[in-house]
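# Structural description and commentary
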Amino acid sequence: MSSNPAENLKQSLGELLGLARGLLADQELTDSEINFLHDWLEDRYHMTSSFPGNVIHRRIKEVLEDGIVTEEERSHLVNTLTMLVEDRLEDLAEQVDLTELWFDEVGLIDFSQSKFCLTGNFVYGPLEFCESAIKERGGVVDQSVGQEVQYLVVGGLGVDEWRSGGLGSKIEKAMRLRAQNNSVKIIPEDSWVAHL
């Protein structure tokens, strides 16, 4: 491994991309393959301490916790890994670099009575799963960005409009509100996950 953290992260993401391609070659994800991916991540601290490996690792641990992999859990893992493969992590990393210009720095997120809006595709889980995580911690989820929303959380797998060069309507609205001195914060998925 290089002494350059950015190079180490790029190499780790490349390893995960290669592994995801191999596991999805038959478009399925068996229990033994999910266990293999769990063990592979467990053995690589550098991968589980950085995004998106940390979120995938946490999600797999939750899936395996009760000893039963439901079809919904399996389907979400397949979809997440498929998106990582199709979007290519190198391209995804470049998109994140570009969008860092409009992400806000946040301190401690107090979920209690805070209003959140979600946009994009999340590594953490399906949209409903992410919304439940917020509500369980006392937060409120709004479907649109308005004056009352404190946090717009952008999924780590990107926003569909990015493929066509757009930012997405929710991000654009939040940026307009922010320019008018509204308190809305635009944060990436990994910042949100760190406070769960």
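Report on the accompanying structure. (Residues numbered from 1 in each chain as written. Predicted model: local features only at pLDDT ≥ 70, side-chain atom pairs only at ≥ 80, totals over all residues. Heavy atoms only, no water.)

Below, the discussion takes up the sheet that holds strand β4 (residues 185-188). Strand order in the open sheet made by the 4 strands is β2-β1-β3-β4, with parallel pairing throughout. For this open sheet the edge positions go to β2 (140-141) and β4, each flanked by a neighbour on one side alone. Contacting β1 (115-119) and β2, helix α7 (residues 127-136) runs over the sheet at an angle of about 165° to β1. (Pairing = 2+ DSSP bridges. Helix = DSSP H or I, 4+ residues; strand = E, 2+ residues; numbered from the N terminus. Contact = heavy atoms within 4.5 Å. Axes fitted to C-alpha atoms, helices over the stretch in contact; angles between N-to-C directions.)

Side chains Y151 and V153 of strand β3 (residues 151-154) all project onto a buried face; the interleaved residues L152 and V154 project onto the opposite face, where all are buried too. Looking at chain direction, β1 and β3 are connected through 4 bridges and run parallel. Its bridge partner lying in β3, F116 is registered against Y151. Of the strand pairs in this sheet, β3 and β4 are connected by 4 bridges, and their pairing is parallel. Bridge pairing in β4 places V153 opposite I187. (Buried < 20%, exposed > 50% of the residue type's maximum accessible area, 1.4 Å probe, protein only.)

One pass over the structure, following the stated rule, counts 1 cavity of 30 Å³ or more. Reported here for the largest cavity is a volume of approximately 30 Å³. In terms of lining residues, the largest cavity is bounded by I56, R59, H76, L77, T80, L81 and V123. Taken together, the elements giving at least two residues each to the lining of the largest cavity come down to α4 (53-65) and α5 (71-87). The element that contributes the greatest number of residues to the lining of the largest cavity is α5, accounting for 4 residues. (1 Å grid on protein atoms, 1.4 Å probe; cavity = no way out; pocket = protein on both sides within 12 Å on 5 of 7 lines; lining within 4 Å. Points joined across faces, edges and corners; volume = space filled by probe spheres on them.)

Quick look at the packing of helix α2 (residues 31-42) against α4 now. It is at 10 Å that the axes of α2 and α4 come closest, and there the two elements cross at 130°. Viewed along their axes, α2 and α4 adopt a mutual orientation that is oblique. Considering how the two elements wind past one another, α2 and α4 form a crossing that is left-handed. Two secondary-structure elements touch here, α2 through I34, N35, L37, H38, L41 and E42 and α4 through G53, I56, H57, I60, K61 and L64. Class assignment of the residues belonging to the contact of α2 with α4 gives a composition of 6 nonpolar, 4 polar and 2 charged. (Parallel < 35°, antiparallel > 145°, perpendicular 65-115°, else oblique. Left-handed = near helix turned anticlockwise from the far one by under 90°. Nonpolar A, V, L, I, M, F, W, Y, C, P; charged D, E, K, R; others polar.)

Turning our attention to the environment of L127. Here L127 lies in helix α7. L127 has contacts with L118 and F122, leaving out every residue within four places of it along the chain.

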